[in-house]
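# Overview (structure and organization)
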Amino acid sequence: MMVSEDRFLLTPWFLDQFSPELAALPPLSEQWEIHQPGLPAGSTQQRMLPLMEAIASFTACAIQDGARPISLAGDCCTAIAVLAGLRKGLTGRTAGEPVLIWLDAHGDFNTWETTPSGFLGGMPLAMLVGRGEQTFLEGLKMPPFPEDHVLFTDGRDLDPPERAALLASQVHWLTDPLSLLHHPLVTSGESPILVHFDTDIINPLDAPAQGYLAPGGPRAEDVRRLFTGLAATGKIAAISLSAWRPHLDAEKQTQKVCLSLLQTLRGG
């Protein structure tokens, strides 16, 4: 997919909580915007809707201008807004749905019925395919995304009910991230790809500054091999990054690793 430029939007929030450390991230491009609105009162979901609407609008406008949107934020829920904007931006330009690649140590496939913790950030992949909590999809006027267009990896840390739900779904769950490079949804056709990159997929030996550490997983160089292969397809239309925890990253080791990998995914 030919793009004229990459455009970046930084949303320095973790759910509805502002992150000044993430807001201080140095610009990665001249095409760099920071979104720091005041949020309304209400539930976490209601407070987050202005953030989600801005991300969706940014994404759709970039796609319509022939650019590639790259969203950096503190949590995975914002990937829903990137997908909503991508679908809107692609309207009339391509047939069918894009492909969603979801890279995460965790499943993000809980619902209110299955979650042991009640953590909203453990639900966005379930949300976007129409399961459980739907405030964001309703607010963004986004229909559920088809499960069979989702490639999920590596998912090494799942709650038992979440695991059961994933196995019973049509989501393509690949425990080996590098196997993505051989999957028909990646190798065949011309469908544009949205890559959601939760940085906690990286083995903590290389990127330890994470809020929810999951031991094991692919080393940084394995992720780089994956990203090199994905970039080579020329089909990455948008990128969503769920960031590390800057306040845990005094030496900026994790920041350096994650931003270097993002550059590889961009094709640099």
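Structural notes, computed from the coordinates. Residue positions are given per chain, counting from 1 as you read along its sequence in written order. Selection of residues for local features in this predicted model requires a pLDDT of at least 70, selection of side-chain atom pairs for listing and counting requires 80 or more, and totals for whole chains, interfaces and linings are taken over all residues. The basis for every side-chain value is the complete set of heavy atoms in the structure, and neither hydrogens nor water enter the calculation.

## Here we look at the environment of S191
If you trace the backbone, S191 turns up in the loop between α7 (184-187) and β9 (193-198). A 1.4 Å probe rolled over the protein chains alone gives each residue an accessible area, and that area as a share of the maximum for its type sets the label: buried under 20%, exposed over 50%, partly exposed in between. For S191, a relative accessible area of 23% gives the class partly exposed. For the pair S191 and P204, spaced 13 residues apart in sequence, the C-alpha to C-alpha distance is 32 Å. A helix here means a DSSP run of H or I that spans at least four residues, while a strand means a run of E at least two residues long, and both kinds are numbered starting from the N terminus.

## A closer look at the packing of helix α2 (residues 44-64) against helix α3 (residues 78-90)
What describes two packed helices is the angle between their axes and the distance between those same axes. Each axis is a line fitted through C-alpha atoms, and for a helix only the stretch in contact is used; angles between axes span 0 to 180 degrees, taken between their N-to-C directions. Close contact between α2 and α3 brings their axes to 7 Å; oriented N to C, the two are set at 35°. When you trace α2 past α3, the crossing you get is right-handed. Note on element contacts: α3 touches α2 through T78, I80, A81, V82, A84, G85, L86, K88, G89 and L90, opposite M52, I55, A56, T59, A60, I63 and Q64. When residues are grouped by polarity, Ala, Val, Leu, Ile, Met, Phe, Trp, Tyr, Cys and Pro land in nonpolar, Asp, Glu, Lys and Arg in charged, and all others, Gly among them, in polar. The residue makeup of the contact of α2 with α3, split by class, is 11 nonpolar, five polar and one charged. Each crossing gets its hand from how the near helix is turned against the far one by less than a right angle, where anticlockwise is left-handed and clockwise is right-handed. A contact between two residues is defined here by any heavy atoms of the two lying within 4.5 Å.

## Some points on the packing of helix α8 (residues 220-232) against helix α9 (residues 253-265)
Between α8 and α9, the shortest axis-to-axis distance is 8 Å and the interhelical angle comes to 20°. The orientation of α8 with respect to α9, classified from their angle, is roughly parallel. You can see that α8 and α9 cross each other, and the crossing is right-handed. Of α9, the residues touching α8 (which contributes A220, V223, R224, F227, T228, L230 and A231) are V257, S260, L261, T264 and L265. What sets the label is the angle itself: under 35 degrees gives roughly parallel, over 145 gives roughly antiparallel, 65 to 115 gives roughly perpendicular, and the rest give oblique.

## A word on the sheet that holds strand β8 (residues 172-173)
The criterion for strand pairing is that DSSP finds at least two bridges linking the strands in question. On the basis of which strands lie adjacent, the open sheet formed by eight strands has the order β4-β1-β5-β10-β9-β6-β7-β8 and parallel pairing. In this open sheet, the two edge strands, each paired with only one partner strand, are β4 (32-34) and β8. Packed onto the sheet, α9 meets β1 (6-11), β5 (68-73), β9 and β10 (236-242) and runs at close to 170° relative to β10.

## A word on the nonpolar core
Here, nonpolar core means buried Ala, Val, Leu, Ile, Met, Phe, Trp, Tyr and Cys residues that are tied together by side-chain atoms lying within 4.5 Å of each other. Judged by nonpolar contacts, the single largest core of 44 residues is most densely connected at I80, L128, F136 and M142. Put simply, the parts of the chain that give this core at least two residues each are α2, α3, β6 (99-106), α4 (124-128), α5 (135-139), β7 (150-157), α6 (160-168) and β10. In terms of residue count, α3 provides more of this core than any other element does, eight residues in total. The contact partners of L128, leaving out residues within four places of it in the chain, are I80, L83, L100, W102, L137, M142, P144 and F145. Residues V99, I101, L103 and A243 belong to the second largest nonpolar core, which totals 37 residues.

## As for the layout of surface pockets
Estimated volume of the largest pocket: approximately 440 Å³. Points on a 1 Å grid over protein atoms alone make up a cavity when a 1.4 Å probe fits among them but cannot get out, and a pocket when they form an open set with protein on both sides within 12 Å along at least five of seven lines; lining residues each have an atom within 4 Å of a point. Lining the largest pocket we find 27 residues, and of these H106, D108, F119, G122 and Y212 sit closest to its centre. For the lining of the largest pocket, the per-class residue count stands at seven nonpolar, 11 polar and nine charged. Among the elements of the structure, α2 and α3 are those that each provide at least two residues to the lining of the second largest pocket. Grid points are joined across faces, edges and corners, and a volume is the space filled by probe spheres set on the points.

## Re α6
It helps to recall that an α-helix has 3.6 residues per turn; residues three or four apart then point in one direction. Along α6, the positions that sit buried rather than exposed are E162, A165 and L166. Seen end-on, α6 carries its buried residues on one side only, within an arc spanning 100°. Exposed residues on α6 whose side chains face more than 90 degrees from its buried face are P160, L167 and A168. By arc we mean the arc of the directions from the helix axis to the C-beta atoms, nothing more.

## So, α8
An expected span of 1.5 Å times one less than the residue number is assigned to each helix. For α8, spanning 13 residues, the distance from its first C-alpha to its last is 18 Å, which sits close to the expected 18 Å at 1.5 Å a residue. Two residues or fewer after α8 comes G234, characterised by a positive phi angle close to 70°.

## Describing the pairing of β1
Most of β1 sits inside the fold, with six of its six residues counted as buried. Covered by surrounding structure in β1 are D6, F8 and L10 together with R7, L9 and T11, the residues of both alternating faces. Pairing analysis gives three bridges linking β1 to β4, with the strands arranged parallel. By the bridge assignment for β4, F8 is matched with W32.

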